[in-house]
Amino acid sequence: MALKNDFNKLNKDIDYIILGDLNSNYNEYQTFKYEKKLNNTYGITGINQVLNTTIDKNFVLKDNILDFHNSVHYNLWLDVDENNRFSSKFRTQYNTPDNILVPKSMFDNKGINYIENSFNIFKPNYLYNNNNVIRWNRYKSRGFSDHLPIYASFSTNNTTNKIKVRKSDSQSNNYKIKDLYSIEHIHKPLDIMNVVVIYRNNNIAIIKHDKSSRAIMIYKPPEGFDLGFRYNISVFNIDYYNGLKEIKKLTILNKLSFDKDYEDYIYSVETIDIFDKTNQNQMIKNLNGLYKNRYLYFSQNNKNKKIRVYFKKGFTKPKDNTNITIKRAQITIYKSKIQLTINSKDDFI
């Protein structure tokens, strides 16, 4: 609140930057609610609700920041692909404690302005290697900070610094599932045509366009959204759940034909890299392995591997040291880590 009181005293046209280790993720309002020891403010966070990087749980974006009358800020982490948003790593969890926030005045083409997409993380091999931050080791007397540097560029040459309109606000409405992974929030419904339901149970559905396309999960799909059928849909709300992208609200525009090949759009484990985050929400089939301590130990392409397996509540998990066959599993992300989610008791034996 002290910081907010300071910038509230400034003229609305004053250019300033808020940067540093704010000890908060860019999406703190989403991540801290799963940390019961921290969640004692009834959903209010400093970086999101006090500094107004979100309004009504929607991120302030470059293309709508000038529409707000109150003091709001754009968090430059939104300029980076979601899978690359981290400046520190604690165990297996990626975090964004270091932030750069900029006000509306940085987009008004007056004075100093932010250069679009110039924000990034500085991670040469001597700072970040083998998916690890090379932090200081006092025993070996070598290493660096446990936080990677972040940087951005600003300019007073405003003639070449116009912020581009995002696709989500353009007149085109020819969207694909893959587009949803580059959109933070939906301001108006997005029509997505000819998707097929490749998996369905009471709580979720998984949709794709074809075998090679990206997949996405629908949380609590509407009635009449049947397995194997193709649909034209209109998407109203998307969200992240601990890093996993999902559709939260949609309407069915048209129910099309039944796709007899829908099961072919589920990958055999030999044909997909299940550890690649761009494969989140894809469905895999017929994976055999040894289940032990919440992990599945298996062989893929002649290499021994392991992956965490999460079983949805409501059915009995297998006992440790049991050989199981996963008939269907969803590739999911939980706190930055890839895992397999078993959504039904019928999906493994």
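Procedures and definitions
- Residues numbered from 1 in each chain as written.
- Predicted model: local features only at pLDDT ≥ 70, side-chain atom pairs only at ≥ 80, totals over all residues.
- Heavy atoms only, no water.
- Helix = DSSP H or I, 4+ residues; strand = E, 2+ residues; numbered from the N terminus.
- Rg over C-alpha atoms; globule rule 2.2 N^0.38 Å.
- Buried < 20%, exposed > 50% of the residue type's maximum accessible area, 1.4 Å probe, protein only.
- Contact = heavy atoms within 4.5 Å.
- Areas by Shrake-Rupley, 256 points an atom, 1.4 Å probe, with all protein chains shown as cover.
- Lys, Arg positive; Asp, Glu negative; His and termini not counted.
- Charge placed at Lys NZ, Arg CZ, Asp CG, Glu CD.
- Polar contact = N/O pair within 3.5 Å; in protein donor to acceptor, adjacent residues only side chain to side chain.
- Pairing = 2+ DSSP bridges.
- Core = buried A, V, L, I, M, F, W, Y, C linked by side-chain atoms within 4.5 Å.

## Description of the overall build of the protein
Now for step 1: Per the secondary structure count, the protein includes three helices and 26 strands.
Now for step 2: Against the globule reference of 20 Å for 349 residues, the protein gives a C-alpha radius of gyration of 22 Å, in line with a compact fold.
Now for step 3: Here the C-alpha coordinates of the protein stretch approximately 65 × 60 × 40 Å along the principal axes.
Now for step 4: The proportion of buried residues among the 349 residues of the protein is 47%.
Now for step 5: Across the protein, contacts joining residues at least 24 apart in sequence account for 62% of those joining residues at least 6 apart.
Now for step 6: Per element, the accessible surface of the protein, about 18800 Å² overall, is 47% carbon and sulfur.
Now for step 7: The average position of the 53 basic charges and that of the 35 acidic charges among the side chains of the protein differ by 6 Å.

## Digging into the side chain of Arg-230
Now for step 1: Mapped onto the fold, Arg-230 is located in strand E17 (residues 229-241).
Now for step 2: With a relative accessible area of 11%, Arg-230 lands in the buried category.
Now for step 3: Polar side-chain contacts of Arg-230 include one of 2.9 Å to the backbone oxygen of His-209.
Now for step 4: Within the local environment of Arg-230, its side chain forms a polar contact with the side chain of Asp-259, the two groups lying 3.0 Å apart.
Now for step 5: In contact with Arg-230, other than residues within four places in its own chain, are Asn-194, Val-195, Val-196, His-209, Asn-254, Lys-255, Leu-256, Ser-257, Asp-259 and Tyr-265.

## Notes on unusual backbone geometry
Now for step 1: Non-glycine residue Asn-109 carries a positive phi angle of around 55 degrees.
Now for step 2: Counting through the fold element by element, Asn-109 comes out in the loop between strand E7 (98-103) and strand E8 (113-114).

## Examining the sheet that holds strand E24 (residues 322-326)
Now for step 1: Read from one edge to the other, the open sheet built from eight strands follows the order E19-E20-E25-E26-E23-E22-E21-E24, with strand pairing classed as mixed. Strands with a single pairing partner mark the edges of an open sheet, and in this sheet they are strand E19 (267-268) and E24.
Now for step 2: When strand E25 (residues 329-334) meets strand E26 (residues 337-342), the two strands line up antiparallel, connected through five bridges. In the sheet register, Thr-332 faces E26, and the bridge partner there is Gln-339.

## Focus: the nonpolar core
Now for step 1: The biggest cluster of nonpolar side chains holds 26 residues, and the ones touching the most others in it are Tyr-74, Leu-76, Val-102, Phe-107, Phe-119 and Leu-148.
Now for step 2: When neighbours within four sequence positions are excluded, Val-102 is seen to be in contact with Tyr-16, Ile-65, Val-72, His-73, Tyr-74, Leu-76, Phe-107 and Phe-154.
Now for step 3: Residues Tyr-291, Phe-298, Ile-326 and Phe-348 belong to the second largest nonpolar core, which totals 22 residues.

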